[in-house]
Amino acid sequence: MATGTKVDAAVRGVLADVLGIGPDRAAAFTADTPLFGALPELDSMAVAGVLTELEDRLDIVIDDDEVDGDMLESFGALVAFAENKARG
């Protein structure tokens, strides 16, 4: 997973916008940065907003059965999931 990709930038932007965290904080995320359960801003309600915004920005569709703890475990896992979806 290449940092600086369109998807990486989109995921950082979505997390900053939906969670209300500063862009500097989002820019500091690495592939290993834990998300769900580690970021207090990312609760179950925020997850829905993050996924909806990812769909809009990347022109993808995320089915309910694709959403699980693994995809939200870390920043890298979420980017990898989004990259896979964006590839079609």
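Computed from a predicted structure; not experimentally measured.

Parameters at a glance
- Residues numbered from 1 in each chain as written.
- Predicted model: local features only at pLDDT ≥ 70, side-chain atom pairs only at ≥ 80, totals over all residues.
- Heavy atoms only, no water.
- Axes fitted to C-alpha atoms, helices over the stretch in contact; angles between N-to-C directions.
- Helix = DSSP H or I, 4+ residues; strand = E, 2+ residues; numbered from the N terminus.
- Parallel < 35°, antiparallel > 145°, perpendicular 65-115°, else oblique.
- Left-handed = near helix turned anticlockwise from the far one by under 90°.
- Contact = heavy atoms within 4.5 Å.
- Nonpolar A, V, L, I, M, F, W, Y, C, P; charged D, E, K, R; others polar.
- Polar contact = N/O pair within 3.5 Å; in protein donor to acceptor, adjacent residues only side chain to side chain.
- Expected span 1.5 Å × (residues − 1).
- Buried < 20%, exposed > 50% of the residue type's maximum accessible area, 1.4 Å probe, protein only.
- Arc of directions from axis to C-beta.

1. Focus: the packing of helix α1 (residues 6–19) against helix α3 (residues 44–58)
Item 1. Where α1 meets α3, the closest approach of the two axes is 9 Å, and the angle between their N-to-C directions is 140°. When the axis of α1 is compared with that of α3, the two are oblique. The element α1 and its partner α3 pack so that their crossing is right-handed. Residues Val7, Ala10, Val11, Gly13, Val14, Leu15, Asp17, Val18 and Leu19 of α1 touch α3, and the partners they reach there are Ala46, Gly49, Val50, Glu53, Leu54, Arg57 and Leu58.
Item 2. Its residues placed into classes, the contact of α1 with α3 shows eleven nonpolar, two polar and three charged.

2. What about the side chain of Ser74?
Item 1. Tracing the backbone through its elements, the reader meets Ser74 in the loop between α3 and α4 (75–87).
Item 2. For Ser74, the side chain forms a polar contact with the main-chain oxygen of Ala31, separated by 3.3 Å.
Item 3. Residue contacts for Ser74: discarding those within four places in its chain leaves Ala31, Asp32, Thr33, Pro34 and Leu35.

3. A short note on α3
Item 1. With 15 residues, α3 ought to run about 21 Å at 1.5 Å a step, and its terminal C-alpha atoms sit 21 Å apart, in line with that.
Item 2. Within α3 the residues assigned to the buried category are Ala46, Val47, Val50, Leu51, Leu54 and Leu58. The arc that holds every buried residue of α3, seen down its axis, measures 135°, which confines them to one face. Those residues of α3 that are exposed and aimed more than 90 degrees away from the buried face are Met45 and Asp56.

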